[in-house]
Amino acid sequence: MSEHEVAPGRASSASPAVGRALDMLVYMAARPGLVQAATLARDLGIPRSSAYHILTVLADRGFVTYVPAEQAYGLGVTSFEVGSAYLRHEPLERLARPLLRTLANRLGQTTHLGILHGAETVYLLKERPPAGRKGDVDIALVTDIGVRLPAHLTANGPAILAHTSEAQVRALFPRPGDLTTRTGKGPRTLRGLLDELAGERARGWSQEDELVTRGFRSVGAAAFDHHERPIAAISTTWRRHHGRHDADEVCEALRHAAARLTAAVSGHVPGPG
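Residues numbered from 1 in each chain as written. Predicted model: local features only at pLDDT ≥ 70, side-chain atom pairs only at ≥ 80, totals over all residues. Heavy atoms only, no water.

Caption draft 1: Fine view of the overall build of the protein chain. In terms of regular secondary structure, the protein chain is built from ten helices and eight strands. Put simply, the protein chain has 273 residues, and 45% of those count as buried. Taking the intrachain contacts of the protein chain between residues at least 6 apart in sequence as the baseline, contacts between residues at least 24 apart amount to 61%. Of the roughly 13,700 Å² of accessible surface on the protein chain, 51% is carried by carbon and sulfur atoms. (Helix = DSSP H or I, 4+ residues; strand = E, 2+ residues; numbered from the N terminus. Buried < 20%, exposed > 50% of the residue type's maximum accessible area, 1.4 Å probe, protein only. Contact = heavy atoms within 4.5 Å. Areas by Shrake-Rupley, 256 points an atom, 1.4 Å probe, with all protein chains shown as cover.)

What follows is the structure in C-alpha cells.
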C-alpha cells in the first residue's frame, strides 16, 4: 500500500475531522429521532469540543439541523439532497420500471416512481397503461419524468415524509405557517401536514385528492432501505369519478408493488409503531 492510500474502513490521519463528520452522519442516519451532541461524542469516541465544532460546520452547510427545544440534532436538507442524488442512479430505476409497468397494466392507470429532493417530489419514472386503456387521463397529468412538485401536495412525497422524523420534516419546511397550494386544497401549515403524515404512516399509504390537478386523485406507498428508511415511493393517478377499481384494491396493489421494490433493494418495511 502506498503512502497515499488509506486502508478500507479507516479515515486518513491527515483528515480526522472529515472522517468524524462522516461517522456522525452515518450514526444519525441509522437512528430514529434526534441525537444530542454529548451522545454523539460519547458513542463515537470524539472529544466533545470537536463534536460541537463539526456539528456547527455540518449545520452551516445544511447536513444537520439543530432543534433548540430538544438541544439535539437531526439530519438536514443537504443530507436528503445527497441521498436523493444517489437514488437517481440507474439501479433503482431499473428495479422499479418492471414493477411500475406491471402495476400500470393491471390497473389501467399511469404509475410513477418519485423521490424527495429537498421539499420537492422529483419524478424519476412514468409508466402508462396499454394503448386503448389510458383514455385522456395521461394528457392532463403534469407529472412527467423530471418534473418537480411541492412534496406535501403529491402522493409520493407524504408516503416518504410519513416515515421521516418530525425534526427532519421541520428542516425541510422552514416556513411552517405558509405551505404552498396549487388548487386551494391541502395542508396550509406544518402542523396540519404533520397530523396528516401521522395518519398516513399508520395506514401504510398516502393520498392526494385534487391537490395537484382538479378532478384527479393519487395514492402512494414508500419503498425502504435496509435501515427501514424510505428511499422512494410508487404512486398511481386516476380520475376521481371514473376509477376502474375500488380505492382499497388500488392501495393494496400499490403497497404490494412498493414492498417488492423494498425487497429488490434488500430493504425492510418498518414494523408497526
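Caption draft 2: Quick peek at the packing of helix 1 (residues 16–29) against helix 2 (residues 37–44). Packing of helix 1 against helix 2 leaves a shortest axis separation of 11 Å and a crossing angle of 110 degrees. In terms of orientation, helix 1 lies roughly perpendicular with respect to helix 2. Every residue of helix 2 that contacts helix 1 at Asp-23, Met-24, Tyr-27 and Met-28 is listed here: Thr-39, Leu-40, Asp-43 and Leu-44. Here the residues of the contact of helix 1 with helix 2 are counted per class, giving five nonpolar, one polar and two charged. (Axes fitted to C-alpha atoms, helices over the stretch in contact; angles between N-to-C directions. Parallel < 35°, antiparallel > 145°, perpendicular 65-115°, else oblique. Nonpolar A, V, L, I, M, F, W, Y, C, P; charged D, E, K, R; others polar.)

Caption draft 3: Molecular detail of empty space enclosed by the protein. Counted by the stated rule, this structure contains two cavities of 30 Å³ or more. Taken as a whole, the largest cavity encloses approximately 130 Å³ of empty space. Put simply, the parts of the chain that give the lining of the largest cavity at least two residues each are strand 7 (216–224) and strand 8 (230–239). Considering only residue class, the lining of the largest cavity consists of six nonpolar, eight polar and one charged. What lines the second largest cavity is simply His-152, Thr-154, Pro-158, Pro-187, Leu-193, Glu-196, Glu-200, Gln-207, Glu-208 and Leu-211. Counting only elements with at least two residues in the lining of the second largest cavity, the list comes to helix 9 (190–203) and strand 6 (206–209). With three residues, helix 9 is the single largest residue contributor to the lining of the second largest cavity. Across the lining of the second largest cavity, the residue classes break down as four nonpolar, three polar and three charged. (1 Å grid on protein atoms, 1.4 Å probe; cavity = no way out; pocket = protein on both sides within 12 Å on 5 of 7 lines; lining within 4 Å. Points joined across faces, edges and corners; volume = space filled by probe spheres on them.)

Caption draft 4: Expanded view of the pairing of strand 2 (residues 72–75). In terms of strand pairing, strand 1 (residues 64–67) meets strand 2 through four bridges, oriented antiparallel. Bridged to Val-67 within strand 2 is Ala-72. Counted between consecutive antiparallel strands, the loop separating strand 1 from strand 2 contains four residues, among which Gln-71 sits at a positive phi close to 50 degrees. (Pairing = 2+ DSSP bridges.)

Caption draft 5: Structural context of the pairing of strand 7. Taking burial as the measure, the nine residues of strand 7 include nine buried ones, the bulk of the element. The pairing of strand 6 with strand 7 spans four bridges and is antiparallel. Its bridge partner being in strand 7, Gln-207 is matched across the sheet by Val-219. Here strand 6 folds back onto strand 7 in antiparallel fashion, the turn holding six residues, of which Glu-210 has a positive phi close to 65 degrees. With nine bridges connecting them, strand 7 and strand 8 associate as antiparallel partners.

Caption draft 6: Spatial organisation of the nonpolar core. Core analysis: the largest hydrophobic core is formed by 26 residues, its most contacted members being Leu-103, Leu-113, Val-219, Ile-234 and Leu-261. Among the elements of the structure, helix 5 (90–107), strand 3 (110–117), strand 4 (120–127), strand 7, strand 8 and helix 10 (247–264) are those that each provide at least two residues to this core. Take this core: its biggest share by element is seven residues, from helix 10. Not counting residues within four places of it along the chain, the set of residues in contact with Ile-234 comprises Leu-100, Leu-103, His-112, Leu-113, Asn-156, Val-219, Gly-220, Ala-221, Leu-254, Ala-257, Ala-258 and Leu-261. Ala-159, Ala-162, Leu-179 and Phe-224 belong to the second-largest nonpolar core, a separate cluster that totals 18 residues. (Core = buried A, V, L, I, M, F, W, Y, C linked by side-chain atoms within 4.5 Å.)

Caption draft 7: Structural context of unusual backbone geometry. Its identity as a non-glycine residue notwithstanding, Gln-71 has a phi of 50 degrees, on the positive side. The backbone of Glu-210 sits at a positive phi, close to 65 degrees, despite the residue not being glycine. Tracing the chain through its elements places Glu-210 in the loop between strand 6 and strand 7. The class of Glu-210 is buried, set by a relative accessible area of 11%.

Caption draft 8: Structural detail: the side chain of Thr-164. The topology assignment puts Thr-164 in the loop between helix 7 (156–161) and helix 8 (166–172). Residue classification places Thr-164 among the buried positions, given a relative accessible area of 10%. Among the polar contacts listed, one links the side chain of Thr-164 to the backbone oxygen of Ile-160, at a separation of 3.0 Å. Leave out the neighbours within four places in its chain, and Thr-164 touches Phe-80, Val-169 and Pro-230. (Polar contact = N/O pair within 3.5 Å; in protein donor to acceptor, adjacent residues only side chain to side chain.)

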